[in-house]
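If you want the building blocks of each chain, they are given just below.
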Amino acid sequence: MLELDFSTRLQITIQNEKPIVLVDLTMALLGVSQQFERFIESETNEQHQLGSELYIKEVRSGSVIVELVAQVAPVLPLLWVGGSLKEWVDYAKSTVEWLTGKLKDPPKEVTKQDLKQWHNILEPVAKDNGSQMNFSVSDGGVVINQYFVSIL
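Residues numbered from 1 in each chain as written. Predicted model: local features only at pLDDT ≥ 70, side-chain atom pairs only at ≥ 80, totals over all residues. Heavy atoms only, no water.

Observations regarding the environment of tyrosine 91
Part 1 of the argument: The residue tyrosine 91 is located in helix α3 (residues 83-99) in this model.
Part 2 of the argument: A C-alpha to C-alpha distance of 8.6 Å links tyrosine 91 and lysine 108, two positions 17 residues apart in sequence.
Part 3 of the argument: Apart from the residues lying within four places of it in its own chain, the contact partners of tyrosine 91 are Gln35, Phe39, Pro107, Lys108 and Trp118. (Helix = DSSP H or I, 4+ residues; strand = E, 2+ residues; numbered from the N terminus. Contact = heavy atoms within 4.5 Å.)

So this is what it looks like as C-alpha coordinates:
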(Lines give C-alpha, C1' and ligand atoms only; values in the text may rest on other atoms or scores of the structure.)
Protein backbone atom coordinates (compact mmCIF):
# COMPACT_ATOMS: atom_id res chain seq x y z
CA MET A 1 0.00 0.00 0.00
CA LEU A 2 1.42 3.35 -1.04
CA GLU A 3 0.85 6.47 1.00
CA LEU A 4 2.31 9.95 1.10
CA ASP A 5 5.40 10.47 3.23
CA PHE A 6 4.96 13.89 4.82
CA SER A 7 8.05 13.61 7.02
CA THR A 8 10.52 13.52 4.11
CA ARG A 9 10.33 16.57 1.87
CA LEU A 10 12.14 17.91 -1.15
CA GLN A 11 12.32 21.68 -0.98
CA ILE A 12 13.21 23.46 -4.20
CA THR A 13 14.19 27.08 -3.71
CA ILE A 14 14.93 29.46 -6.56
CA GLN A 15 16.63 32.59 -5.29
CA ASN A 16 16.01 34.86 -8.23
CA GLU A 17 16.96 38.44 -8.97
CA LYS A 18 14.47 38.88 -11.84
CA PRO A 19 10.87 37.69 -11.99
CA ILE A 20 10.55 34.13 -13.32
CA VAL A 21 8.38 33.52 -16.35
CA LEU A 22 5.45 31.37 -15.22
CA VAL A 23 5.96 28.91 -18.09
CA ASP A 24 9.63 28.48 -17.11
CA LEU A 25 8.72 27.72 -13.48
CA THR A 26 5.96 25.33 -14.54
CA MET A 27 8.24 23.51 -16.98
CA ALA A 28 11.01 23.32 -14.34
CA LEU A 29 8.69 21.67 -11.82
CA LEU A 30 7.31 19.36 -14.52
CA GLY A 31 10.91 18.44 -15.44
CA VAL A 32 11.67 17.60 -11.80
CA SER A 33 8.58 15.40 -11.66
CA GLN A 34 9.45 13.62 -14.91
CA GLN A 35 13.08 13.06 -13.93
CA PHE A 36 12.06 11.78 -10.47
CA GLU A 37 9.61 9.36 -12.10
CA ARG A 38 12.27 8.14 -14.57
CA PHE A 39 14.78 7.73 -11.72
CA ILE A 40 12.37 5.66 -9.61
CA GLU A 41 11.39 3.47 -12.55
CA SER A 42 15.03 2.86 -13.51
CA GLU A 43 16.04 1.95 -9.95
CA THR A 44 13.19 -0.39 -9.09
CA ASN A 45 11.50 -3.36 -10.67
CA GLU A 46 8.00 -4.81 -10.75
CA GLN A 47 8.71 -6.73 -7.54
CA HIS A 48 9.39 -3.48 -5.63
CA GLN A 49 6.84 -1.22 -7.24
CA LEU A 50 7.02 2.28 -5.80
CA GLY A 51 4.99 5.39 -6.44
CA SER A 52 6.88 7.85 -8.55
CA GLU A 53 4.58 10.83 -8.33
CA LEU A 54 5.55 13.98 -6.48
CA TYR A 55 2.94 16.05 -4.67
CA ILE A 56 3.10 19.73 -3.77
CA LYS A 57 3.00 20.03 0.00
CA GLU A 58 3.51 23.78 0.25
CA VAL A 59 4.40 26.84 -1.81
CA ARG A 60 5.92 29.73 0.14
CA SER A 61 6.43 33.40 -0.57
CA GLY A 62 9.76 35.17 -0.97
CA SER A 63 12.01 33.56 -3.47
CA VAL A 64 10.23 30.69 -5.16
CA ILE A 65 10.03 27.95 -2.51
CA VAL A 66 8.16 24.72 -3.26
CA GLU A 67 7.98 21.71 -0.91
CA LEU A 68 7.28 18.35 -2.52
CA VAL A 69 6.52 14.97 -0.98
CA ALA A 70 6.59 11.51 -2.55
CA GLN A 71 4.73 8.29 -2.09
CA VAL A 72 6.39 5.67 0.06
CA ALA A 73 6.03 1.92 0.26
CA PRO A 74 6.92 -0.21 3.31
CA VAL A 75 9.92 -1.69 1.45
CA LEU A 76 11.42 1.72 0.64
CA PRO A 77 13.75 1.99 3.65
CA LEU A 78 15.29 -1.32 2.59
CA LEU A 79 16.15 0.11 -0.85
CA TRP A 80 17.54 3.53 0.08
CA VAL A 81 18.68 4.87 3.40
CA GLY A 82 17.21 8.37 3.50
CA GLY A 83 14.50 7.60 0.95
CA SER A 84 13.89 8.18 -2.71
CA LEU A 85 14.01 11.98 -2.53
CA LYS A 86 17.52 11.92 -1.03
CA GLU A 87 18.69 9.47 -3.69
CA TRP A 88 17.15 11.56 -6.45
CA VAL A 89 18.99 14.69 -5.28
CA ASP A 90 22.27 12.69 -5.41
CA TYR A 91 21.36 11.72 -8.98
CA ALA A 92 20.41 15.32 -9.84
CA LYS A 93 23.75 16.58 -8.53
CA SER A 94 25.69 14.08 -10.65
CA THR A 95 23.61 14.91 -13.71
CA VAL A 96 24.06 18.68 -13.36
CA GLU A 97 27.79 18.22 -12.76
CA TRP A 98 27.99 16.14 -15.95
CA LEU A 99 25.98 18.74 -17.90
CA THR A 100 28.31 21.51 -16.71
CA GLY A 101 31.45 19.53 -17.61
CA LYS A 102 32.54 18.68 -14.06
CA LEU A 103 32.03 14.93 -14.63
CA LYS A 104 33.23 13.01 -17.68
CA ASP A 105 30.34 10.52 -17.86
CA PRO A 106 26.64 10.87 -17.08
CA PRO A 107 25.43 9.00 -13.96
CA LYS A 108 22.89 7.06 -16.08
CA GLU A 109 22.05 6.64 -19.74
CA VAL A 110 20.70 9.99 -20.95
CA THR A 111 18.11 10.31 -23.70
CA LYS A 112 17.20 13.34 -25.78
CA GLN A 113 14.03 13.63 -23.68
CA ASP A 114 16.12 13.64 -20.47
CA LEU A 115 18.22 16.49 -21.86
CA LYS A 116 15.07 18.50 -22.64
CA GLN A 117 13.77 17.92 -19.11
CA TRP A 118 17.06 18.95 -17.50
CA HIS A 119 17.07 22.03 -19.73
CA ASN A 120 13.60 22.88 -18.38
CA ILE A 121 14.69 22.30 -14.78
CA LEU A 122 17.68 24.63 -15.11
CA GLU A 123 16.02 27.27 -17.31
CA PRO A 124 14.86 29.64 -14.53
CA VAL A 125 18.42 29.85 -13.16
CA ALA A 126 20.09 30.02 -16.57
CA LYS A 127 18.01 33.05 -17.59
CA ASP A 128 18.89 35.05 -14.47
CA ASN A 129 22.58 35.73 -13.76
CA GLY A 130 23.15 35.66 -10.04
CA SER A 131 20.21 33.40 -9.28
CA GLN A 132 20.51 30.03 -7.61
CA MET A 133 18.41 26.86 -7.31
CA ASN A 134 18.64 24.79 -4.16
CA PHE A 135 17.47 21.21 -3.73
CA SER A 136 17.13 20.33 -0.06
CA VAL A 137 15.78 17.07 1.37
CA SER A 138 14.73 16.99 4.99
CA ASP A 139 13.49 14.15 7.13
CA GLY A 140 11.50 15.20 10.15
CA GLY A 141 12.85 18.75 9.79
CA VAL A 142 16.53 17.68 9.65
CA VAL A 143 18.31 18.35 6.34
CA ILE A 144 19.75 15.06 5.04
CA ASN A 145 20.80 16.12 1.54
CA GLN A 146 21.35 19.47 -0.12
CA TYR A 147 22.61 20.66 -3.50
CA PHE A 148 23.01 24.22 -4.82
CA VAL A 149 22.91 25.01 -8.54
CA SER A 150 24.10 28.28 -10.02
CA ILE A 151 24.76 28.77 -13.72
CA LEU A 152 27.24 31.52 -14.51
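Following the structure, the description resumes.
Some details on the pairing of strand β5 (residues 142-149)
Part 1 of the argument: The sheet contact formed by strand β4 (residues 132-139) and β5 spans seven bridges and is antiparallel. If you follow asparagine 134 over to β5, its bridge partner there is phenylalanine 148.
Part 2 of the argument: Taking the residues between adjacent antiparallel strands as the criterion, β4 and β5 are bridged by two residues, where glycine 140 takes a positive phi near 65 degrees. (Pairing = 2+ DSSP bridges.)

Some thoughts on the nonpolar core
Part 1 of the argument: With 28 residues, the main nonpolar core has Leu10, Val32, Trp88, Met133 and Phe135 as its most contacted residues.
Part 2 of the argument: Counting residues per element, the ones that place at least two in this core are β1 (3-15), α1 (22-43), β3 (64-72), α3, α4 (112-126), β4 and β5.
Part 3 of the argument: The element best represented in this core is α3, accounting for six residues.
Part 4 of the argument: For methionine 133, the residues in contact, after removing those within four places along its chain, are Ile12, Thr13, Ile14, Ile121, Val125, Tyr147, Phe148 and Val149. (Core = buried A, V, L, I, M, F, W, Y, C linked by side-chain atoms within 4.5 Å. Buried < 20%, exposed > 50% of the residue type's maximum accessible area, 1.4 Å probe, protein only.)

Observations regarding α3
Part 1 of the argument: The end-to-end C-alpha distance of α3 is 25 Å, a good match for the 24 Å that 17 residues give at a rise of 1.5 Å each.
Part 2 of the argument: Trailing α3 by a residue or two, glycine 101 shows a phi angle of about 85 degrees, which is positive. (Expected span 1.5 Å × (residues − 1).)

Topic: the packing of aromatic side chains
Part 1 of the argument: If you walk through the whole model with that rule in mind, you get four aromatic pairs.
Part 2 of the argument: Measuring from centroid to centroid gives 5.4 Å for phenylalanine 39 and tyrosine 91, while their planes differ by 25 degrees, and the two rings are stacked. Of this pair, phenylalanine 39 sits in helix α1 while tyrosine 91 is found in helix α3, placing the two residues 52 residues apart along the sequence. With respect to class, phenylalanine 39 is no different from tyrosine 91; both count as buried.
Part 3 of the argument: Ring centres of tryptophan 88 and tryptophan 118 lie 6.0 Å apart, and the angle between their planes is 5 degrees; on these two criteria the pair is classed as stacked. With tryptophan 88 in helix α3 and tryptophan 118 in helix α4, this pair connects stretches of sequence that are 30 residues apart. As far as burial versus exposure is concerned, tryptophan 88 and tryptophan 118 are alike and both buried.
Part 4 of the argument: A network of ring pairs unites the aromatic residues Phe39, Trp88, Tyr91, Trp118 and Phe135 as a single cluster. (Phe/Tyr/Trp six-rings, centres within 6.5 Å; stacked < 30°, edge-to-face > 60°.)

Describing the pattern of salt bridges
Part 1 of the argument: Using the criterion set out here, one finds seven salt bridges in the structure.
Part 2 of the argument: As a salt-bridge pair, glutamate 67 and arginine 9 come within 2.8 Å of each other at their nearest N and O atoms. Pair noted here: glutamate 67 is in strand β3 and arginine 9 is in strand β1, with a separation of 58 residues, a long-range link.
Part 3 of the argument: Under the relative-accessibility criterion, glutamate 67 is labelled buried at 7%.
Part 4 of the argument: Under the relative-accessibility criterion, arginine 9 is labelled partly exposed at 23%.
Part 5 of the argument: The partner of arginine 60 in a salt bridge is glutamate 58, and the shortest N-O contact between them spans 3.3 Å. (Salt bridge = Lys/Arg side-chain N within 4 Å of Asp/Glu carboxyl O.)

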